[in-house]
Amino acid sequence: MDLGIKGRTAIVCGGSKGLGRGSAEKLAEAGVAIVLNARSQGPLEEAAGQISGRYGVSVVPVAADVTTPEGRAKLLEAAPDPDILVNNAGGPPPGVWSEWGEKEWQDAIRANMLTPIHLITAVLPGMIERKWGRIVNITSGSVKAPIAALGLSGAARSGLTGFVAGTSRQVARHGVTINNLLPGQHETARIESLMNSTAKTKGISVDEARQEAYAANPAGRFGTIEEFGATCAFLCSAHAGYIVGQNILLDGGAINATF
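Residues numbered from 1 in each chain as written. Predicted model: local features only at pLDDT ≥ 70, side-chain atom pairs only at ≥ 80, totals over all residues. Heavy atoms only, no water.

Trainee: What exactly am I supposed to notice about the overall build of the protein chain here?
Mentor: Assigned secondary structure in the protein chain consists of 8 helices and 7 strands. Across its three principal axes, the protein chain shows a C-alpha extent of roughly 55 × 40 × 40 Å. Burial status across the protein chain gives 46% buried among its 259 residues. In the protein chain, the share of contacts with a sequence separation of at least 24, taken over all contacts with a separation of at least 6, comes to 74%. One finds the centroid of the 23 positive side-chain charges in the protein chain at a distance of 5 Å from the centroid of its 23 negative side-chain charges. (Helix = DSSP H or I, 4+ residues; strand = E, 2+ residues; numbered from the N terminus. Buried < 20%, exposed > 50% of the residue type's maximum accessible area, 1.4 Å probe, protein only. Contact = heavy atoms within 4.5 Å. Lys, Arg positive; Asp, Glu negative; His and termini not counted. Charge placed at Lys NZ, Arg CZ, Asp CG, Glu CD.)

See the structure below:
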């Protein structure tokens, strides 16, 4: 399927691995030039070279911490007029409410709420002027159904969700869409960390923890970064202009809800 976005330019944050990498891959496959962001220079440059070589599109690596004003400025200098923005940041570590103090809350809110909001508000004026834009925020299934151990992440990302709900409806008339993708468990380094934590808590092996998680999911497995990336790319496509302010869950049916 031709997504109708060949020749467009996308910023993809957290794009050197995991769900961000899957999203960058599928956008590149559709002919989109990528400005790829992550913090670590070496892995980022390696990922950029691999994606560019595989799909024959421009992939510009920008190593920067976008939770800082300086990092965001560096990224936006490399891509001042993006057609597409994919916001993605790793969540805070799991824990218990009694362990979270001022610093933990501030770090979570800065990374998972304020940083994507700052990037969105930076690129929106240009998208509105050009009458076309796609913004996708990679959030979490914990926004829809709370996961106690991920309370920092769920709370911060819920704030972003509230911002998107109103803002997306203000800009839709200009040909700009903003939507959220809510991943459940996918085959990423993040899930490995959670499986290790679960195994330690339950006193079982990591493989046993993984098999328990598989069994609890209606799909009987975790998702792949490829299928996640394909969903992201579709939301960024020319065919998704009527999808506005939605929270799309990709979790294999793990959250038991009608809506």
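Trainee: Please clarify how the pairing of strand β1 (residues 9-12) should be interpreted in this entry.
Mentor: A regular strand carries its side chains on alternate faces of the sheet. Here 4 bridges tie β1 to strand β2 (residues 33-38), and the two strands are oriented parallel to one another. Pairing of Val12 across the sheet is with Leu36, part of β2. Following the backbone out of β1, through helix α1 (residues 18-29) and into the adjacent parallel β2, one traces a crossover that is right-handed. (Pairing = 2+ DSSP bridges. Right-handed = clockwise from strand over helix to strand, strands pointing away.)

Trainee: Can you help me understand the sheet that holds strand β6 (residues 176-183) in this one?
Mentor: Hydrogen bonds between backbone groups are what pair the strands of a sheet, and the pairing can be parallel or antiparallel. Judged by pairing direction, the sheet is parallel, and its 7 strands sit side by side in the order β3-β2-β1-β4-β5-β6-β7 without closing on themselves. Both edges of this open sheet fall to β3 (59-63) and β7 (247-250), since each of them pairs with a single strand only. The mean angle between the axes of side-by-side strands here comes to 15°, regardless of whether they run parallel or antiparallel. By the bridge criterion, 4 bridges tie β6 to β7 in an arrangement that is parallel. Looking at β7, one finds that Pro183 is bridged to Leu250. (Axes fitted to C-alpha atoms, helices over the stretch in contact; angles between N-to-C directions.)

Trainee: Would you mind going over the nonpolar core with me for this structure?
Mentor: General note: in soluble globular proteins, nonpolar side chains tend to be found buried as a group. In terms of nonpolar packing, the biggest core is built from 32 residues, with Ile5, Val12, Leu27, Ile34, Leu36, Ile84 and Val86 touching the most fellow members. Sorting the residues of this core by element identifies β1, α1, β2, α2 (41-55), β3, β4 (84-87), β5 (133-138) and α8 (225-235) as the ones contributing at least two each. Ile34 has contacts with Ala10, Val12, Ala24, Leu27, Ala28, Ser58, Val59 and Val60, leaving out every residue within four places of it along the chain. Within the second largest apolar cluster, 21 residues are counted, among which are Ile11, Leu124, Leu160 and Val171. (Core = buried A, V, L, I, M, F, W, Y, C linked by side-chain atoms within 4.5 Å.)

Trainee: Where do I start with the packing of aromatic side chains in this structure?
Mentor: Two measures describe an aromatic ring pair: the distance that separates the ring centres and the angle between the ring planes. The tally for this structure, following the rule as stated, stands at 2 aromatic pairs. Aromatic pair Tyr214 and Phe222: ring centres 4.9 Å apart, planes at 75°, arrangement edge-to-face. The same class applies to Tyr214 as to Phe222, namely buried. Positioned above the aromatic ring of Trp132, the side-chain terminus of Arg8 is 3.9 Å from the ring centre. (Phe/Tyr/Trp six-rings, centres within 6.5 Å; stacked < 30°, edge-to-face > 60°. Lys NZ or Arg CZ within 6 Å of the ring centre and 35° of its normal.)

Trainee: Explanation requested: the environment of Glu226 in the structure shown.
Mentor: Checked against the element boundaries, Glu226 lands in helix α8. The class of Glu226 is partly exposed, set by a relative accessible area of 47%.

Trainee: What is the right way to read α8 from this model?
Mentor: One turn of an α-helix holds 3.6 residues; hence residues three or four places apart share an orientation. Listed as buried for α8 are Phe228, Gly229, Cys232, Ala233 and Leu235. For α8, the arc enclosing every buried residue in end-on projection is 155°, short of the 170-degree limit, so these residues lie on one face. In this fold, the buried residues of α8 make contact with α1, β4, β5, β6 and β7. (Arc of directions from axis to C-beta.)

Trainee: I keep staring at α2 and nothing clicks. Help me out?
Mentor: Helix length check: α2, at 15 residues, gives a terminal C-alpha distance of 21 Å against a target of 21 Å (1.5 Å per residue), a fit within 8%. When α2 is considered as a whole, its buried residues turn out to be Leu44, Ala47, Ala48 and Ile51. The arc enclosing the buried residues of α2, seen along the axis, measures out at 100°, which places them on a common side. In α2, the exposed positions that point more than 90 degrees away from the buried face belong to Glu46 and Gly53. The elements touched by buried residues of α2 are α1, β2 and β3. Just downstream of α2, Gly56 is the residue with a positive phi angle, here 70°. (Expected span 1.5 Å × (residues − 1).)

Trainee: What should I look at first to understand the environment of Phe259 in this one?
Mentor: One can find Phe259 in the segment after β7. Remark: the alpha-carbon pair of Phe259 and Leu75, spanning 184 residues in sequence, is separated by 36 Å.

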